[in-house]
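A closer look at the structure
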Amino acid sequence: MPKTRWWQGSRWLGSPVRAWFVAAVAGLLAAAAGVAVAGTVASTPSPAPSFNGPVYAIAYRGDTVYVGGNFTAAIVAGRAVARQRLAAFDARTGALLGWQPGADAVVRALAVDGATVYAGGDFTTLSGQPRKSLAGLDAATGTVTGFRHVLAGRVNALAVGSGRLYAAGKFSAVDALARTNLAAFSLSTGGLDSGWRPTTDNTVNAVAAAGNRVYLGGSFHKTNNVSSTPRLTAVDAVTGALITSFAPRPAVGVLALAVDPAGIYTAQAGHGGRAVAYTSAGTARWTQLFDGDAQAITVLEGTAYVGGHFDNACTTGVTGAQGACVNGSVPRVKFAAIDPAGALTGWAPQADGVVGVRTLAANPALQMVSAGGDFTTVSGLTQKRYASFTPTTVPPSPPTTSPSSSAPPAPVTVASYDFDTTTGAGSFSDNTGRGHLLTAFAANGATLDTADHNGGHAVVFPPVCTATTGCPRMVLQTPSTADLNPGSGPIAYGARVRLTADQATDGQNILQKGYSTGGGQYKLQADKLTGRPRCALTGAASPTTYPAKSSITIADGAWHTLECRRTSTELRILVDGQVTGSTTVPADLTIDNTAPLVLGGKGLADNNSQYHGALDDTWIATG
């Protein structure tokens, strides 16, 4: 169980909440073909060398590209040319350059400042000279410079800014002086910065310098020994002090970072994977979910380029078993791009391999994006472990149905909650970006608790109470808005739930908007003592309720995915993707009410139909 605190009446009780972040799609696919069309780089790679082992790091200096990794040769025109984990080539032509310092182990990070290329990784020697995990190289000749320090551990990431070289990874000391996973060095003298000493309690995977901030991403839970500062934080570029105003608190590990004037971009792991963009205040701008880890990210003219070991980009805010997209996806094999508004673009240079893309870098002057990793083909062409892409305009993706098809468009997700994103005490963010903030309301000593689930967190509602009055009551609620009312159109809504047999009581409300009188309603319940879920619709014109009852129970202590789906004249209930019940509804049944959307019950009264199980990944789609 994670650290939690609880909402009671009008205040929080207990220890500090760990506010977790993001497992849902804010930038849903917007164009008719399912993706936005945007000017971006080409999907076909430009001429460049291949490599016989993984590429972990890329850095630009003018027209020169420097790469580091775990290769022993560059492959040019089918011929292997010796390069021991470091190489350089012309960015425009792909011509391999003579720059060839050699490392004895993996090079994981590169950064350039002036005439120096800095390298970090697992190595102990560079070109035969002792250099433990960190070194400087002449950008023109490859000669090892006098920059020399001994790190007790591994460097994962490097960044340049504020007159300093910032190093991040998993290490405990520099030159026998304590430095916990972070260190800075003067670019002018090469000396260790004695005043910059931030710490983390676990690995830092990524670092990015921007203005007076240094952003940190990783698997840590504390920065500078401050609680509830997990996985993504910012520290002062000069003093190393924690910047407390930036506190996004993602729920899963951060694997890569990029920055531009609009904010910071992250590639994240988790149940599936996701790319998330934040403002400088730590507020999420958009989120894109994938069916595998996002491992690399860069940004060029506001478009974020993402790489990883995913095969699909999800079109809803829900993932299922093993991180698979639920209720919709489009192919994005190892590569994807997201426009400044958070919409997935048509850029799709499909690549192969299991690990896929490990690193991405952009060169604004050349309008170029480069990728490194374990892939061997890109867009059907042989291009091993490094690829670069130059400008073009991506054409629209082909429609998923024939233009003459009369099939109605799928509903658009208008609210989505993973309960990993909080905006303050007792509130949960809407991951679609539409602002449907959920707020906890409680009575009779009820508490809001959470449980770990699929790399994030689920909400746990009050336990069963057999008294007729005074039982603990708790619901999550957001005010009514027009987009939460489907009218007479299609609607789909659902959640992931966990309910045990002893938690199954008479008529528990999991999700509800509206009532049987006054504008109609839609709801999802765990019905009666059997624990069988049901969906129900009531129209504004008649109090008649139309229930679709599941033929199977969910009260077995396991997690189940529930979905209610209304087309023009049919309401279906799906359990774990399978239809388990349906009913006919009038074609003109209309739902248009001013009641709030409520999760976990009808309200706080004694007859509130309190839900007693756990709840996660809840969503509503209309239109």
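Overview of the structure. (Residues numbered from 1 in each chain as written. Predicted model: local features only at pLDDT ≥ 70, side-chain atom pairs only at ≥ 80, totals over all residues. Heavy atoms only, no water.)

So, about the sheet that holds strand β5 (residues 55-61). Strand order in this open sheet of three strands is β5-β6-β9, and the pairing throughout is antiparallel. Two strands bound the open sheet, and with one partner strand each, they are β5 and β9 (86-90). With direction set aside, neighbouring strand axes in the sheet form an average angle of 20 degrees. As paired strands, β5 and strand β6 (residues 64-69) are joined by six bridges and run antiparallel to one another. Counterpart to Ile58 in the pairing with β6 is Val67. (Pairing = 2+ DSSP bridges. Helix = DSSP H or I, 4+ residues; strand = E, 2+ residues; numbered from the N terminus. Axes fitted to C-alpha atoms, helices over the stretch in contact; angles between N-to-C directions.)

Before going further, it helps to spend a moment on the sheet that holds strand β22 (residues 232-236). Taken together, three strands build an open sheet; the order of strands is β20-β21-β22 and the sheet is antiparallel. Pairing within the sheet leaves two strands with one partner each, and these edge strands are β20 (204-210) and β22. On average, adjacent strands in this sheet sit at an angle of 25 degrees to one another, irrespective of strand direction. Here six bridges tie β20 to strand β21 (residues 213-218), and the two strands are oriented antiparallel to one another. By the bridge assignment for β21, Ala209 is matched with Val214.

What follows concerns the environment of Leu484. For Leu484, the location among the structural elements is in the loop between β43 (473-478) and β44 (491-498). Overall, the relative accessible area of 0% leaves Leu484 in the buried class. Separated by 69 residues in the primary sequence, Leu484 and Ala415 place their C-alpha atoms 7.8 Å from one another. The contacts of Leu484, once residues within four sequence positions are left out, are Val414, Ala415, His436, Thr478, Pro479, Lys513, Tyr522 and Leu597. (Buried < 20%, exposed > 50% of the residue type's maximum accessible area, 1.4 Å probe, protein only. Contact = heavy atoms within 4.5 Å.)

Okay, the pattern of salt bridges next. Working definition: two side chains of opposite charge can pair if their charged atoms are close together. The final tally for this structure, using the stated rule, is nine salt bridges. The closest approach of N and O atoms between Asp122 and Arg108, which form a salt bridge, is 2.9 Å. With Asp122 in the loop between β11 (116-121) and β12 (125-126) and Arg108 in strand β10 (residues 107-113), the pair connects residues that are 14 residues apart, well separated along the chain. With its nearest N and O atoms 2.7 Å apart, the salt bridge here joins Lys334 to Asp311. You can see Lys334 sitting in the loop between β30 (329-331) and β31 (335-338) and its partner Asp311 sitting in the loop between β28 (303-308) and β29 (312-314), a full 23 residues away along the chain. Accessibility expressed as a relative area gives 3% for Lys334, which makes it buried. (Salt bridge = Lys/Arg side-chain N within 4 Å of Asp/Glu carboxyl O.)

This part is about the nonpolar core. Of all hydrophobic cores here, the largest spans 44 residues; its most connected members are Phe419, Leu476, Tyr493, Tyr522, Leu524, Leu615 and Ile620. At four residues, β44 tops the list of elements feeding residues into this core. Tyr265, Ala277, Val299 and Ala304 belong to the second largest nonpolar core, which has 19 residues in total. (Core = buried A, V, L, I, M, F, W, Y, C linked by side-chain atoms within 4.5 Å.)

Time to look at the packing of aromatic side chains. What the rule picks out here adds up to 19 aromatic pairs. The interplanar angle of 85 degrees and the centroid separation of 5.4 Å between the aromatic rings of Phe419 and Phe428 together place this pair among those described as edge-to-face. Phe428 gets classed as buried once you look at its relative accessible area, which sits at 4%. (Phe/Tyr/Trp six-rings, centres within 6.5 Å; stacked < 30°, edge-to-face > 60°.)

On any regular strand, side chains alternate: one points to one face of the sheet, the next to the other face. Judged by how many residues are buried, β10 sits mostly within the fold: five of seven residues are covered. Hairpin remark: β10 followed by β11, antiparallel, with two residues in the connecting loop; positive phi at Gly114, about 60 degrees.

What follows covers the state of the cysteines. Applying the stated rule across the entire model yields three disulfides. Here Cys314 is linked by a disulfide to Cys325, with a sulfur-sulfur distance of 2.0 Å. When the S-S torsion is -75 degrees, as for the bridge of Cys314 with Cys325, the disulfide is left-handed. You can see Cys314 sitting in strand β29 and its partner Cys325 sitting in the loop between β29 and β30, a full eleven residues away along the chain. With a sulfur-sulfur separation of 2.1 Å, Cys465 is cross-linked through a disulfide to Cys471. Taking the sign of the S-S torsion, -70 degrees for the link of Cys465 and Cys471, the bridge is left-handed. Regarding the disulfides, the protein carries the connectivity 1-2, 3-4, 5-6 under sequence-order numbering of its bonded cysteines. (Disulfide = S-S within 2.5 Å.)

Tracing the sequence through the fold places Arg496 in strand β44. Within the structure, Arg496 has its side chain in polar contact with the side chain of Thr561 (distance 3.4 Å). (Polar contact = N/O pair within 3.5 Å; in protein donor to acceptor, adjacent residues only side chain to side chain.)

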